[in-house]
Amino acid sequence: MTECLAFLIVLISSLFTIIPLDLPLSILIVTLIALLALSAFFSMSETAMMAANRYKLKHLAQKGHLGAKLALALLEHTDRLLGVILLGNNLVNTGAATLVSLIAIEFFGSDKWTLGAATLLITFIILVFSEITPKIIGAAYADRISLILGFLFTPLIRGLYPLIWFVNLFVDVLLRLLGLSLRPAADAPKLTPEELRTLVMESRELIPPTHGAILMNLFDLGKIAVEDIMTPRGALEILDLDLPRDEIRARIETSFHARLPVCRESVSQLLGVLPVRRVLLRLHEADFGEKELQEHLVEPYYIPAGTPLFAQLGFFQETRQRLGFVVDEYGEILGLVTLEDIIKEVVGEFTTSLPGAPRTLAWDAEDAVLVEGSRLLRDLNRMLGLRLPLDGPKTLNGLILERFEDIPEVGVSLKFGEVAIEVIQTQDRSVKTARIQRLHLHNPP
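Chemist: Give me the lowdown on the pattern of salt bridges, citing residues and values where you can.
Modeler: Applying the stated criterion across every chain, the model contains 14 salt bridges. For Glu-247, the salt bridge identified is with Arg-251, shortest N-O distance 3.4 Å. Of the two residues, Glu-247 and Arg-251 both sit in helix α12 (residues 245-253), 4 residues apart, roughly one turn of that helix. Classification of Glu-247 as partly exposed rests on a relative accessible area of 32%. Here Arg-251 falls in the partly exposed class, since its relative accessible area comes to 33%. A salt bridge links Glu-290 to Arg-264; the nearest nitrogen and oxygen atoms lie 2.2 Å apart. Residue Glu-290 is found in helix α14 (residues 290-295), and its partner Arg-264 is found in strand β3 (residues 259-264); the two are separated by 26 residues along the sequence. Judged by relative accessible area, Arg-264 falls into the partly exposed class, the value being 24%. Put simply, Glu-46, Glu-131 and Lys-135 are held in one network by salt bridges that share partners.

Chemist: Break down the sheet that holds strand β7 (residues 333-338) for me, citing the residues and quoting the values.
Modeler: One open sheet accounts for 4 strands, arranged β1-β7-β6-β5; its pairing is mixed. Strands at the two margins of the open sheet, each flanked by one partner only, are β1 (231-232) and β5 (302-304). Pairing between strand β6 (residues 323-327) and β7: 5 bridges, direction antiparallel. Its bridge partner being in β7, Val-327 is matched across the sheet by Ile-333.

Chemist: Quick one: what's the story with the pairing of β7, residue by residue and with numbers?
Modeler: Here β7 lies mainly inside the structure; 5 of its 6 residues are buried. Direction of pairing for β1 relative to β7: antiparallel, over a ladder of 2 bridges. Looking across to β7, one finds that Pro-232 is bridged to Gly-335. Here β6 folds back onto β7 in antiparallel fashion, the turn holding 5 residues, of which Gly-331 has a positive phi close to 85°.

Chemist: Give me unusual backbone geometry: which residues, what numbers.
Modeler: Positive phi values are uncommon outside glycine, yet Glu-265 reaches one of about 70°. Position of Glu-265 among the secondary structure elements: in the loop between β3 and β4 (266-275). Given the relative accessible area of 60%, Glu-265 is considered exposed. Even without being a glycine, Arg-320 presents a positive backbone phi close to 55°. Mapped onto the secondary structure, Arg-320 falls in the loop between α15 (309-319) and β6.

Chemist: An account of a negative patch on the surface is needed here, citing residue identities and associated values.
Modeler: A cluster of like negative charges, contributed by Asp-391, Glu-402, Glu-405, Asp-406 and Glu-409, occupies part of the molecular surface. Mapped onto the elements, Asp-391 comes out in the loop between α17 (377-384) and α18 (396-404).

Chemist: Report on helix α7 (residues 142-159), specifying residues and quantitative values.
Modeler: Because the α-helix completes a turn every 3.6 residues, residues three or four places apart line up on one side. Taking 1.5 Å of rise per residue, 18 residues should cover 26 Å, and α7 covers 25 Å from first to last C-alpha, within 8% of that figure. Its axis deflected by about 40° at Leu-149, α7 carries its strongest bend there. Within α7 the residues assigned to the buried category are Ala-142, Ile-145, Ser-146, Leu-147, Leu-149, Gly-150, Phe-153, Thr-154 and Ile-157.

How each quantity is defined
Residues numbered from 1 in each chain as written. Predicted model: local features only at pLDDT ≥ 70, side-chain atom pairs only at ≥ 80, totals over all residues. Heavy atoms only, no water. Salt bridge = Lys/Arg side-chain N within 4 Å of Asp/Glu carboxyl O. Helix = DSSP H or I, 4+ residues; strand = E, 2+ residues; numbered from the N terminus. Buried < 20%, exposed > 50% of the residue type's maximum accessible area, 1.4 Å probe, protein only. Pairing = 2+ DSSP bridges. Patch = residues over 30% accessible without salt bridge, like charges linked within 9 Å, V, L, I, M, F, W, Y side chains within 5 Å. Areas by Shrake-Rupley, 256 points an atom, 1.4 Å probe, with all protein chains shown as cover. Lys, Arg positive; Asp, Glu negative; His and termini not counted. Charge placed at Lys NZ, Arg CZ, Asp CG, Glu CD. Expected span 1.5 Å × (residues − 1). Bend = angle between axes of the 7 residues up to and from the residue.

These figures come from the coordinates and say nothing about function on their own.
This is the structure:
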């Protein structure tokens, strides 16, 4: 390999040694400028091709852009592409150095100071005009330039293929000795999920805010478990068959939900799920009783605690279910998750909600807000910009009870970071309502 490169360098040098030294200075300068321009072209091409956005090239190629197709074909064989670029660049730089030396010897003599000064001069010129500047241009306009370079380098590689193959033969041997592959594995991932997430965040200026938020939420589905968004067991609206018939009929008619969990006494004795619309028209029939109601029950669908939302979304699709009961390792029901809950995590709050239930929360003039104890901590963090811990209890009530290790009295307050939480109302061994006050810790007294 060394002998081959040495031969090529000597060949280029000899081409310039046969240049008549009595040529006008202008011709020699023009020749030198042409060589420096070629060197700049090769330097710019190397940077532009390596920095080109391959995903953008693939998109253009799928739309039929010929330049993008040629550029992708070149990038599939980077050994050939770099071979022809570096070969041309080194040969041109060698020729330019030889030409400068000849000019310096002709006009200033052949002493060592002249040759040293000429070497420093050509090094500076190549560095500024043929390396750094064109590389910066190539990196800044890589996507545009790569579409043009495909037309130039495709025939050039074909014409010089024997020489490129010979050089790359030694490169391949060296890479194998180092334990490296000439080309990456075809099945190697192009982008990791975290890298793709970063790409979406960096592209927010090109993506509508709503679309960007949905994409970011999709990345989080694999990190969120079903119990993080479920409706807690104590907040479930259930239909107890042990209630009087008139009360059962009233609960069905006034329910805000299309499906009701049906049980006896508590959700621990779950019998099934009632599609409300199936029985609405028969509620006032004399022969419609408990037996007829149970005939319309759907078998409950159970979800193990800890199931990621993204996986559960796929399970809902496979089983054609719309809701499931989250259970722990002992089979105890912890809460309820619906398909709408998962969709809400992706697209945000829906425009419709239950009557009387506020869709969003906001700080008032005193930097305070009243919150139901059953509110999910994730919702509070998202709506109010808080940093309440999510690695323990899932609701505000659970967080307060965990901190006090008892049922707190009304008026008791506790501090979490830069907010204070005051218990306003308790009911049935839980915090019904709490007041969150934002503290201004950094404000001067």
